[in-house]
Amino acid sequence: MDLGTILFYLIVGTVVGLLGKFVAPGNRDNIPFWLTIICGIGGMWLGDVIYRAFGGDGSRGLDWIQGLVTVLTAAVLVMLAATVTGRSRAKA
């Protein structure tokens with residue numbers, strides 16, 4: 001992985017983490033900010049691993065399929081973390 005790819009994953013992973021937090025189901029999106037960022041970045045990396053495991057070649061330039069797989073994986077990971085660790089905002 002080159003420096004450009006690492007920076008891309010850090011920046012886009014952070015954005016995807018925040019977006020994933022907003023699409024988490026209802027009142028379950030109350031997870032720590034740092035966990036949102038970690039899940040977004042980790043999801044980007046995991047998406048790249050999945051992409052390459054299924055034969056993705058990581059072609060030079062803009063690879064739309066790789067980008068789509070990494071972003072979707074990051075969003076799913078953030079939503080899972082929000083669902084599993086989220087606390088309800090409603091008071092009993």
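The coordinates are above.
In this text the structure is predicted, and so the values were computed from the model without any measurement.

A. Examining helix α2 (residues 33–53) more closely. Helix length check: α2, at 21 residues, gives a terminal C-alpha distance of 30 Å against a target of 30 Å (1.5 Å per residue), a fit within 8%. Residues L35, T36, I37, C39, G40, G43, M44, G47, D48 and Y51 constitute the buried set of α2. Where α2 terminates, the next one or two residues include G55, which has phi positive at roughly 95 degrees.

B. Geometry of the nonpolar core. Ranked by size, the top nonpolar core spans six residues in total: I31, L35, C39, V78, A81 and A82. Listing elements by their share of this core, those giving two or more residues are α2 and α3 (64–85). With three residues, α3 is the largest single contributor of residues to this core. Within the second largest apolar cluster, five residues are counted, among which are Y9, V16, A74 and A75.

Cut-offs used in this document
Residues numbered from 1 in each chain as written. Predicted model: local features only at pLDDT ≥ 70, side-chain atom pairs only at ≥ 80, totals over all residues. Heavy atoms only, no water. Helix = DSSP H or I, 4+ residues; strand = E, 2+ residues; numbered from the N terminus. Expected span 1.5 Å × (residues − 1). Buried < 20%, exposed > 50% of the residue type's maximum accessible area, 1.4 Å probe, protein only. Core = buried A, V, L, I, M, F, W, Y, C linked by side-chain atoms within 4.5 Å.

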